[in-house]
Amino acid sequence: MSLFSKRKKLIISGCSYTDNYAKQQKMKEFPIWGELLAEKLDMDLINLGKCGFGNKAIYHSLTEEILKRKDIGLVVAMWSEVQRVSFFVDDKPLYRKNGDVYKNDWDCFHPERIVLDAEWHDKFYKPPMKNIKKSGLKYDISVALRNKFLDDIKSGVKESLGYMYALQSICELNNIPHLQIQGCQPLMGKGEPLQSVQYKEFCNLIIESPYIDKMKETFIGWPVDPRIGGYSIDSKLEDKHRFSPEDTHPNEKGHKYISEVFYDEYEKIYS
Amino acid sequence: MNMKRFILKCRLFFSTIFVRYDQKQEKGFIYEFDDDRFKKLSLEEQGIQVQKNWNKYMKDK
């Protein structure tokens, strides 16, 4: 992207479904959906997405960029898991061996995963040795949140729906074309029957929320879950669109498919 | 309750009874690691492999 390009900007944010996950994992790289969509729309891409981002980070990264620009062609939010927490950290830039500069403004994590990960490592530590996974700010915050039930589905859904509606309102207020979609599954994957119980709660929270009839057609797949007539991009991905059964992130075909979904909706709504 | 909410509640009720949703189960996190070769290792060997894996991750990073 030229610094002096007069092309409109495609501003996107999201989690690993939006960031260059293959590059992060040192896998063979391919064009990601943001790049493909920018090419189709003849816009310059500004990709604010980062692997692991929570919805708070997605919302703030987008709004801060939106409010300081006047050359926006399209804004796309691909939302993440509702129970991820995000903290503004403003770390110093990290200079990687391969020459990349990584600037981390947000520290995001899923408290339940942090605790499960730490507990899994317990077996390798015999007292008086201490499990190093059970130290540090992330772990301390995760334990505190979980002990006080502050990372439950209800609070995650309430917060996330608020960000989704706020983003829609900001874009409408500033006459900015925008699209939103749920990217990965909104809840952490669990085995049955717990998964069904949790998704039922998730759907009920959406139905009973004040946002249920406030989201416009620009939210692709609203109200997010197939049980109530919505969908996430993840629920539309087939096996051929994913890296493997273990790593269900979208592969090259998956990213191409996602870019087509956005392009079709953009044409339908804004052309 | 407005009509939309009522319809969605009904839809949710019937879909949870009659429809089975096949969602991809996560397997990528270490606590979900389900490899038979790893399971057969002694606890000490498992620890060494985890440490090696972590060292490689940190080196690549």
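The structure under discussion appears in the preceding block.
An account of the accompanying structure is given in this report.

Analysis parameters
Residues numbered from 1 in each chain as written. Chains lettered and ligands numbered in written order. Predicted model: local features only at pLDDT ≥ 70, side-chain atom pairs only at ≥ 80, totals over all residues. Helix = DSSP H or I, 4+ residues; strand = E, 2+ residues; numbered from the N terminus. Buried ≥ 20, exposed ≤ 12 C-beta atoms within 10 Å, placed from the backbone. Contact = placed C-beta atoms within 7 Å. Nonpolar A, V, L, I, M, F, W, Y, C, P; charged D, E, K, R; others polar. Core = buried A, V, L, I, M, F, W, Y, C linked by C-beta atoms within 7 Å. Pairing = 2+ DSSP bridges. Axes fitted to C-alpha atoms, helices over the stretch in contact; angles between N-to-C directions. Arc of directions from axis to C-beta. Right-handed = clockwise from strand over helix to strand, strands pointing away.

Some words on the overall build of chain A
- If you tally the helices and strands in chain A, you get nine helices and nine strands.
- Dimensions of chain A, computed from the C-alpha atoms along their principal axes, are close to 65 × 50 × 35 Å.
- When each of the 271 residues of chain A is scored for burial, the buried share is 38%.
- Residue pairs in contact within chain A that sit at least 24 positions apart in sequence constitute 71% of those at least 6 positions apart.

Focus on the interface of chain B and chain A
- Taken together, the contacts link 22 residues of chain B with 25 residues of chain A.
- Taken together, the elements giving at least two residues each to the side of chain B that touches chain A come down to helix 1 (3-18) and helix 3 (43-60) of chain B.
- Element by element, the count of residues in the side of chain B that touches chain A is highest for helix 1 of chain B, at eight residues.
- Looking at the side of chain B that touches chain A residue by residue, the class counts come to eight nonpolar, six polar and eight charged.

Some words on the nonpolar core
Residue and element names in this part refer to chain A.
- If you look at the biggest cluster of nonpolar residues, it comprises 54 residues, and the most contacted ones within it are L10, L62, L74, V75, V76 and A77.
- Counting residues per element, this core draws most heavily on strand 3 (residues 72-79), at seven residues.
- Leave out the neighbours within four places in its chain, and A77 touches S13, G14, I58, L62, L167 and Q180.

Structural notes on the sheet that holds strand 9 (residues 219-220) of chain A
Residue and element names in this part refer to chain A.
- Read from one edge of the open sheet, five strands run 2-1-3-8-9, paired in parallel fashion. Strands at the two margins of the open sheet, each flanked by one partner only, are strand 2 (44-47) and strand 9.
- One ladder, built from five bridges, connects strand 1 (residues 9-13) with strand 3; its direction is parallel. Counterpart to I12 in the pairing with strand 3 is V76.
- Packing of helix 6 (residues 153-173) onto the sheet brings it into contact with strand 3, strand 8 (178-182) and strand 9, and relative to strand 8 it is tilted by some 165°.
- Sheet strands touched by helix 9 (residues 252-270): strand 3, strand 8 and strand 9. Its angle to strand 8, the strand with the most contacts, is close to 140°.

As for helix 4 (residues 111-120) of chain A
Residue and element names in this part refer to chain A.
- Buried within helix 4 we find P111, I114, V115, D117 and A118. With its buried residues spanning 160° around the axis, helix 4 presents them on a single face.
- Elements that come into contact with the buried residues of helix 4 comprise strand 4 (85-88), strand 7 (106-109) and helix 5 (137-147).

Focus: the pairing of strand 8 of chain A
Residues and elements named next belong to chain A.
- With respect to burial, strand 8 is a largely interior element, five of its five residues being buried.
- The pairing of strand 8 with strand 9 spans two bridges and is classified as parallel. The residue of strand 9 that forms the bridge with Q180 is F219.
- Remark: the strand 8/helix 7 (residues 194-208)/strand 9 crossover connection has right-handed handedness.

Considerations on unusual backbone geometry
Residues and elements named next belong to chain A.
- The residue after P127, namely P128, is reached through a cis peptide bond having omega 10°.
- Here the bond from W222 into P223 is cis, since omega is 10°, no more than 30 degrees from zero.
- Within the element layout of this structure, P223 appears in the loop between strand 9 and helix 8 (233-236).
- A positive phi angle is found at N175, which is not glycine, with a value near 50°.
- Mapped onto the elements of the fold, N175 is located in the loop between helix 6 and strand 8.
- Looking at N175, the number of C-beta atoms within 10 Å reads 7, which means it is exposed.
- With a phi angle near 75°, V224 is a residue other than glycine that sits in the positive phi range.
- Following the sequence through the fold, V224 ends up in the loop between strand 9 and helix 8.
- Overall, the presence of 27 C-beta atoms within 10 Å leaves V224 in the buried class.

Don't take any of this as a statement about function, it's just geometry.
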